[in-house]
Amino acid sequence: MEAEILYIALAAIFGLFMAWGIGANDVANAMATSVGSRALTIKQAILVAAVFEFLGAVLAGGAVTSTIRKGIVDADLLSDTPELLVYGMLASLLAAGTWLLVASRNGWPVSTTHSIVGAIVGFAAVGIGVDAVQWGQVGTIVMSWVVSPLTAGFIAFLIFASVQRLILSQPDPLERARRYVPVYMFLAAFTITLVTILKGLKHVGLEIDLTNSYLLAIAIAFVVAVIGKFAIARIKPDPKAEKKQHFYTVERVFGVLMIVTACSMAFAHGSNDVANAIGPLAAVISVAQSGVIGAQSAVPVWVLVVGGGGIVVGLATYGRHVIATVGEKITQLTPSRGFAAELAAATTIVIASGTGIPISTTHTLVGAVLGVGLARGIEAIDLRVVGRIFVSWAVTIPAGAFLAIVFFFVFRTILP
Amino acid sequence: MLANIFGTSPVQPLEKHCDIAYQCSKQLNDFFAAVVDGDWERAAGCRDRIEALEHEADDLKKEIRLHLPKSLFMPVPREDLLQLLLVQDKMANRAKDVSGLVLGRRMHIPEPIAADFLEFVRRNVDAAKQARKSVRELDELFTSGFRGAEVSLVESLIEELDRIESDTDDRQAALRAGLFRIESGLDPVTVIFLYRVIELTGEIADMAERVGRRLELLLSH
């Protein structure tokens, strides 16, 4: 029994550390877009991120957490030696955490998701045996890492091309923006809530039938659009600023829309990335409590709450500085661009979350930004840096795996 | 890390560069007024300002080129932006060349053509000003994605630029004819250089027109 408590305590400490790290570093990429375009102040961004990261983690984080917990390692092989899974999950958390710390110290763009998946695959393949890895599932995950930036890029291209056609290229862009921006708000809120209701809520124990799910999503989206319409109606043109830049007021209208997409982005990020911290924790808890590998039980909600809470603490203690720094550099992404990138990325991520696939938020967002760029929306994108970001995921997987293997053997030797 | 994927945007610096090139050529109005008055001290002052502005444009040009590596992905080809930068810079260069020539040789503008000449200079400066006005729309063009209402606006600005340029052409021809009528009474070397001054000054409007052509190329993408 004492060993079990030790396992849970260690897993909780490592898991909280990971959640803290995600809140401190990762969230910045999701929120900095809104801060950079001045749609939100830092304080508002922190508030939005805290609320929606938490909601995303708790309401829609269950499926990905399940995947991390039991979708990568074949639990059947471990029914006689469940403690191996505990060592492995502890090692994976520590490995991913260590690697992220090293990487962010050196300014390397790495993904939390890639390091944790690499770590789990590493300890399972080397520590237990190549057969212990569910290669089919891992293959799907790796494929999704290629597909998710492409999908987000494609959606972003379509969204931004429609913005250009309907609003920006028209002789009366301000009137057009007032008319169409609530429609985009409706679409954003509708997609996110619908996917969450259909795919996420069952992990919290809520079951809503299909018709009611659609009705609920439409109702929520409608409320969001109406509130948005009122907010937009209050924006008055500023002739002085307008003289310097024609699109000043138009961008302010898009700024209102960006508040909605920022919420969506934070929600999406919470729903996918919380699993990186608490997926292994959930695995350790279920083994430690029952002594067997409970492949059937759902992820306990309190674990999701712990993960969401950890992210919020990371955000509040350290994340605000990172958001401010990153935000200052993203001034090219004005609200009319930023919203398209965020909406495309958030939609892609939430769908992945609903399906239980862990993907990289940052890579998806980079894909979305490139999509806006292809629609001739961004003044200058440095393709060298984009290349470096995508190369980094190839490096992160073996790095996470190697560290996890080392920690796994250490834990197997020293832990009871 | 996400932030680093954004390269330095060349748009604001390009607009700034065109503004400096215009300010530089605008000094020619004062410069030639001083020359016609025979006030060389004032002319030298103007010439100093022209040189300083031309330097400033040069420095900014180098700066912009430095921040436009080949790896940048932009809505318009990098080469076209660099060409635009080059012709903008030439407006400043011509202002420097012509003022240097006139000041160096202490050239007088003959009384019979002086008024027309000053008007000719003013129209060349107008062309540079119109070029600046067109280039100032660059950021709006990037915002609207080079299509629709903004494109028509820039096209009309370029049309006006072309009208000013062809006006300077007419004035240049008239000025030459005027100089031809009086040239027998002037020192031959001076006459040769007066033709040269008229030609160099006229090139400012030519360069301004080429700024318009470069902008048009951007629109056609």
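Nothing here was measured: the structure is a model prediction, and the numbers come from that model.

Moving on, we get to the interface of chain A and chain B. Contacts between the two partners involve 32 residues from chain A and, on the opposite side, 26 residues from chain B. Broken down by secondary-structure element, the contributors of at least two residues to the side of chain A that touches chain B are α1 (2–36), α6 (135–168), α11 (301–329), α13 (361–374), β1 (381–382) and α14 (383–414) of chain A. Across the side of chain A that touches chain B, the residue classes tally to 17 nonpolar, 10 polar and five charged. Examined bridge by bridge, β1(A) and strand β1 (residues 72–73) of chain B share two bridges and lie antiparallel to one another.

With that settled, the discussion passes to the confidence of the model for chain A. Averaged over chain A, the pLDDT score is 87; the fraction of residues at 70 or greater is 97%. Here helix α9 (residues 239–244) of chain A stands out as the element of chain A with the lowest mean pLDDT, 71, in contrast to α6(A), whose mean of 94 is the highest.

Glancing now at the nonpolar core. Residue and element names in this part refer to chain A. If you look at the biggest cluster of nonpolar residues, it comprises 223 residues, and the most contacted ones within it are M31, L90, A156 and V284. No other element matches the 25 residues that helix α10 (residues 248–290) contributes to this core. Apart from residues lying up to four places away in sequence, L90 is in contact with L10, A11, F14, V284 and F411.

Residues and elements named next belong to chain A. Helix α3 (residues 62–71) sits mainly inside the fold: nine of its 10 residues count as buried. Regarding α3, the residues found buried are G62, A63, V64, T65, T67, I68, R69, K70 and G71. In this fold, the buried residues of α3 make contact with α5 (112–128), α6, α7 (173–200), α10, α11 and α12 (335–355).

Residue and element names in this part refer to chain A. The residue W20 is located in helix α1 in this model. C-alpha separation for the pair W20 and E379, spaced 359 residues apart in sequence, amounts to 35 Å. Excluding its chain neighbours within four sequence positions, the residues that come into contact with W20 are G310, V313 and G314.

Let us look at unusual backbone geometry. Positive phi, normally seen in glycine, also occurs at A:R376, with a value near 60 degrees. Take A:R376: it is sitting in the loop between α13 and β1. Non-glycine residue B:F146 carries a positive phi angle of around 55 degrees. Inspection of the secondary structure assignment puts B:F146 in the loop between α5 (138–144) and α6 (149–182).

With that out of the way, let us pick up the environment of B:R214. Residues and elements named next belong to chain B. Along the chain, R214 falls in helix α7 (residues 188–219). With 21 C-beta atoms counted inside 10 Å, the residue R214 sits in the buried group. In the structure, R214 is positioned 60 residues away from V154 in sequence and 12 Å away in space, judged by C-alpha atoms. Discounting chain neighbours no more than four positions away, the residues touching R214 are D80, Q83, L84 and V87.

Moving on: the packing of α1(A) against α10(A). All names here are of chain A. One can describe the packing of α1 onto α10 by two numbers: an axis separation of 9 Å at closest approach and a directional angle of 165 degrees. Between α1 and α10, the angle is such that the two are roughly antiparallel. In the packing of α1 onto α10, the handedness of the crossing is right-handed. Class assignment of the residues belonging to the contact of α1 with α10 gives a composition of 21 nonpolar, four polar and three charged.

Rules used throughout
- Residues numbered from 1 in each chain as written.
- Chains lettered and ligands numbered in written order.
- Predicted model: local features only at pLDDT ≥ 70, side-chain atom pairs only at ≥ 80, totals over all residues.
- Contact = placed C-beta atoms within 7 Å.
- Helix = DSSP H or I, 4+ residues; strand = E, 2+ residues; numbered from the N terminus.
- Nonpolar A, V, L, I, M, F, W, Y, C, P; charged D, E, K, R; others polar.
- Pairing = 2+ DSSP bridges.
- pLDDT = per-residue confidence, 0-100.
- Core = buried A, V, L, I, M, F, W, Y, C linked by C-beta atoms within 7 Å.
- Buried ≥ 20, exposed ≤ 12 C-beta atoms within 10 Å, placed from the backbone.
- Axes fitted to C-alpha atoms, helices over the stretch in contact; angles between N-to-C directions.
- Parallel < 35°, antiparallel > 145°, perpendicular 65-115°, else oblique.
- Left-handed = near helix turned anticlockwise from the far one by under 90°.

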